[in-house]
Number of protein chains: 2
Amino acid sequence: MSEVPVPHDSPIYRRIADGLRSRILSGELRDGDRLPGENALMADYGIARATARQALAVLINEGLAVPKRGSGVYVRLFKPIRRHGSRRLSREQWGQGHPIWDADTRGRPFTVDEVEVARERAAEEVAGVLDSGEVWVRRRRYSVDARPVQLATSYFPARLVEGSAITSPDTGPGGVYARLRDLGLSPAHFTEEVRARMPGPRETGLLDLPGGTPVIVITRTAYTSTGVPVELNEMVLDSAAYVLQYDFDA
Amino acid sequence: MSEVPVPHDSPIYRRIADGLRSRILSGELRDGDRLPGENALMADYGIARATARQALAVLINEGLAVPKRGSGVYVRLFKPIRRHGSRRLSREQWGQGHPIWDADTRGRPFTVDEVEVARERAAEEVAGVLDSGEVWVRRRRYSVDARPVQLATSYFPARLVEGSAITSPDTGPGGVYARLRDLGLSPAHFTEEVRARMPGPRETGLLDLPGGTPVIVITRTAYTSTGVPVELNEMVLDSAAYVLQYDFDA
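Let us look at the structure shown here. Small disclaimer: the values here were computed from a predicted structure and weren't measured.

1. Describing the overall build of chain A
For step 1, the next point in the chain: Along chain A, the regular secondary structure elements total eight helices and eleven strands.
For step 2, the next point in the chain: Buried residues in chain A amount to 52% of all 250 residues.
For step 3, the next point in the chain: Of the roughly 11700 Å² of accessible surface on chain A, a fraction of 50% belongs to carbon and sulfur atoms.

Structure, rendered in structure tokens:
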């Protein structure tokens, strides 16, 4: 595979951004460090303010830096949460391997904002997956260290969970999975579909996302041992806050 | 969870973008459809050209639309590839469930650009995972339908694969995994770490990414049955081209 040549006539703001990026990726500039300001870049390179601003904008758009109003541009603090898709198969159980990305594997406390529970007519794709036109919906937002990191919306086939605590804000000890078990509908198989995209305005607001930060969208379906779909959970994650880990055998 | 209120004094370009987005998400405007142009928006809403441009820029930044030079802005064609993390456990094997996202599960032909093979000193994080300071590296780019969709860089501990076909551009029948088997190093466990972020300039060039398109980064480590790491593969995916699927048991 041929390298994309770095043209010698690459615009100056690009070359400045490339230099700052290298210093971040090498670890010379660390999480929370202040980047050189517009005035410093103007003086160092003999450029206009607009050019300095353009250079910083490149890093902000790449999610490597974040502006703080009136105070400058900072390397973005990134202490991602390690989310295990399949703990049962996890490398921790069998291997001595090292993860590539540094992330917090211990349970930092998640707080859950007020849960919203409603009975609704299912959107077409939800109805298709759950084989149910009517669903109970549980919407919540999760935060870690007072920072919102995830929106989650779970859908349950109404005819299967009607009358159970799944339809109440407080689902009781063990949560919705214990209640599904009580109903004889224990999840046995999971499928997760993962995508990434830029957030919509509602997601940007609820997750308080800085510019240039994509979201990861995980759609997880839980099935009983006989293949009955019992839950569809759509999770929208701040991509800067998460590393997803999946372990499986050959 | 409380909704983010949509303020009545939301700027006009936002409201226009919201309307166009709704028409795309509802399916009224489809992949490849042309969005109303700047002139049409100016006439319909009585706004300035800059405002019309701002409205279209919102959708372009969200990855829902793509500009074509001199021709307008189009709903982005999206025929994602479904990538199975663990085929052995796949829902196809046991379930009757439906996927939430429409994607191509059949094998569309992947083409591989010229492979670059080199012996290199490992970067610190690669050396840590592979427990090896010297590595053989295989870099390649994959395309589907003549569109580049993935960059992949595989690292192998040099002392384990020295002299094998893994160090040649052509690895022979069955590829690198068959050669690892020949060496008594068959992969038995896999760990995948998944993140999303905005691309760097080299990735933007090689993947020909339009603005506002994040990449998914998958770092996969292959281990033998005794836990020896034999390959680290860093894949950088055009997020608009992929749905990742993982299947596992409770």
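2. Some thoughts on the packing of helix H2 (residues 38–45) of chain B against helix H3 (residues 49–61) of chain B
Packed helix pairs are specified by the crossing angle of their axes together with the interaxial distance, meaning the distance between the axes.
Residues and elements named next belong to chain B.
For step 1, the next point in the chain: Viewed as axis vectors pointing N to C, H2 and H3 meet at an angle of 115°, and their least axial separation amounts to 9 Å. Here H2 is positioned roughly perpendicular relative to H3, judged by the angle of their axes. When the axes of H2 and H3 are compared, the crossing they make is right-handed. Contact residues: Glu38, Asn39, Leu41 and Met42 in H2; Arg49, Ala52, Arg53 and Leu56 in H3.

3. Description of the packing of helix H1 (residues 12–25) of chain A against helix H3 (residues 49–61) of chain A
Residue and element names in this part refer to chain A.
For step 1, the next point in the chain: At a closest axis distance of 8 Å, the pairing of H1 and H3 adopts a crossing angle of 45°. By the angle class used here, H1 and H3 are oblique. Where H1 crosses over H3, the two elements pack in a sense that is right-handed. Counting all contacts with H1, which are made through Ile12, Tyr13, Arg14, Ile16, Ala17, Leu20 and Arg21, the residues of H3 involved are Thr51, Gln54, Ala55, Leu56, Val58 and Leu59.
For step 2, the next point in the chain: A per-class count over the contact of H1 with H3 returns nine nonpolar, two polar and two charged.

4. Looking at the nonpolar core
For step 1, the next point in the chain: Judged by nonpolar contacts, the single largest core of 54 residues is most densely connected at Val194(A), Leu244(A), Val194(B) and Leu244(B).
For step 2, the next point in the chain: In this structure, Ile16(A), Leu35(A), Ala52(A) and Leu64(A) belong to the second largest nonpolar core, which totals 19 residues.

5. Quick look at the pairing of strand S9 (residues 215–223) of chain B
Residues and elements named next belong to chain B.
For step 1, the next point in the chain: The buried fraction of S9 is high, at nine of nine residues.
For step 2, the next point in the chain: Covered by surrounding structure in S9 are Val215, Val217, Thr219, Thr221 and Tyr223 together with Ile216, Ile218, Arg220 and Ala222, the residues of both alternating faces.
For step 3, the next point in the chain: Here strand S8 (residues 189–197) runs beside S9; their pairing, made up of nine bridges, is antiparallel. Paired with arginine 195 across the bridge in S9 is valine 217.
For step 4, the next point in the chain: Note that S9 and strand S10 (residues 229–238) share nine bridges and pair antiparallel. Along S10, the bridge assignment pairs tyrosine 223 with proline 229.
For step 5, the next point in the chain: In textbook terms, the turn of a hairpin is the stretch between consecutive antiparallel strands, and for S9 and S10 this stretch comprises five residues, one of which, glycine 227, has a positive phi near 85°.

6. Quick look at the packing of aromatic side chains
For step 1, the next point in the chain: Tallying each qualifying case throughout the model produces seven aromatic pairs over all chains.
For step 2, the next point in the chain: A ring pair is formed by Phe110(A) and Tyr142(A), whose centres lie 6.0 Å apart and whose planes are at 85°; its orientation type is edge-to-face. Note that Phe110(A) is positioned in strand S4 (residues 110–112) and Tyr142(A) in strand S6 (residues 134–144), a separation of 32 residues in sequence.
For step 3, the next point in the chain: Every member of this aromatic cluster is reached through a ring pair, and the members are Tyr177(A), Phe190(A) and Phe248(B).

7. Some details on the environment of His84(B)
For step 1, the next point in the chain: Looking at the element boundaries, His84(B) is found in strand S3 (residues 81–84).
For step 2, the next point in the chain: Along the chain, His84(B) and Asp247(B) lie 163 residues apart, while their C-alpha atoms are 8.2 Å from each other.

8. Some thoughts on empty space enclosed by the protein
For step 1, the next point in the chain: This model, assessed by the stated rule, comprises one cavity of 30 Å³ or more.
For step 2, the next point in the chain: Taken as a whole, the largest cavity spans an internal volume of roughly 40 Å³.
For step 3, the next point in the chain: Forming the boundary of the largest cavity are Ser86(A), Tyr246(A), Asp247(A), Phe248(A), Ser86(B), Tyr246(B), Asp247(B) and Phe248(B).

9. Digging into the side chain of Ser154(B)
All names here are of chain B.
For step 1, the next point in the chain: Tracing the backbone through its elements, the reader meets serine 154 in strand S7 (residues 147–157).
For step 2, the next point in the chain: Given a relative accessible area of 0%, serine 154 falls into the buried group.
For step 3, the next point in the chain: Among the polar contacts made by the side chain of serine 154, one reaches the side chain of arginine 140 at a distance of 3.0 Å.
For step 4, the next point in the chain: For serine 154, the side chain forms a polar contact with the side chain of asparagine 233, separated by 3.4 Å.

10. Things to note about the pattern of salt bridges
For step 1, the next point in the chain: Enumeration over the complete set of coordinates arrives at 34 salt bridges over all chains.
For step 2, the next point in the chain: Across the pair Arg82(B) and Glu193(A) runs a salt bridge, and its minimum N-O distance is 3.0 Å. Within this pair, whereas Arg82(B) is found in strand S3, its partner Glu193(A) is found in strand S8 (residues 189–197), the two belonging to separate chains.
For step 3, the next point in the chain: Put simply, Arg220(B) and Glu192(B) hold a salt bridge, and the shortest N to O gap is 3.8 Å.

11. Notes on the pairing of strand S6 (residues 134–144) of chain B
Residue and element names in this part refer to chain B.
For step 1, the next point in the chain: With ten of eleven residues buried, S6 lies mostly within the body of the structure.
For step 2, the next point in the chain: Of the pairings in the sheet, the one linking strand S4 (residues 110–112) to S6 comprises three bridges and is antiparallel in character. Paired with threonine 111 across the strands is serine 143, a residue of S6.
For step 3, the next point in the chain: Counting the residues in the hairpin turn of S6 and S7 gives two residues, including aspartate 145, whose phi is positive at 50°.

Conventions used here
- Residues numbered from 1 in each chain as written.
- Chains lettered and ligands numbered in written order.
- Predicted model: local features only at pLDDT ≥ 70, side-chain atom pairs only at ≥ 80, totals over all residues.
- Heavy atoms only, no water.
- Helix = DSSP H or I, 4+ residues; strand = E, 2+ residues; numbered from the N terminus.
- Buried < 20%, exposed > 50% of the residue type's maximum accessible area, 1.4 Å probe, protein only.
- Areas by Shrake-Rupley, 256 points an atom, 1.4 Å probe, with all protein chains shown as cover.
- Axes fitted to C-alpha atoms, helices over the stretch in contact; angles between N-to-C directions.
- Parallel < 35°, antiparallel > 145°, perpendicular 65-115°, else oblique.
- Left-handed = near helix turned anticlockwise from the far one by under 90°.
- Contact = heavy atoms within 4.5 Å.
- Nonpolar A, V, L, I, M, F, W, Y, C, P; charged D, E, K, R; others polar.
- Core = buried A, V, L, I, M, F, W, Y, C linked by side-chain atoms within 4.5 Å.
- Pairing = 2+ DSSP bridges.
- Phe/Tyr/Trp six-rings, centres within 6.5 Å; stacked < 30°, edge-to-face > 60°.
- 1 Å grid on protein atoms, 1.4 Å probe; cavity = no way out; pocket = protein on both sides within 12 Å on 5 of 7 lines; lining within 4 Å.
- Points joined across faces, edges and corners; volume = space filled by probe spheres on them.
- Polar contact = N/O pair within 3.5 Å; in protein donor to acceptor, adjacent residues only side chain to side chain.
- Salt bridge = Lys/Arg side-chain N within 4 Å of Asp/Glu carboxyl O.

It is worth stressing that arrangement in space is one thing and function is another; only the former is reported here.
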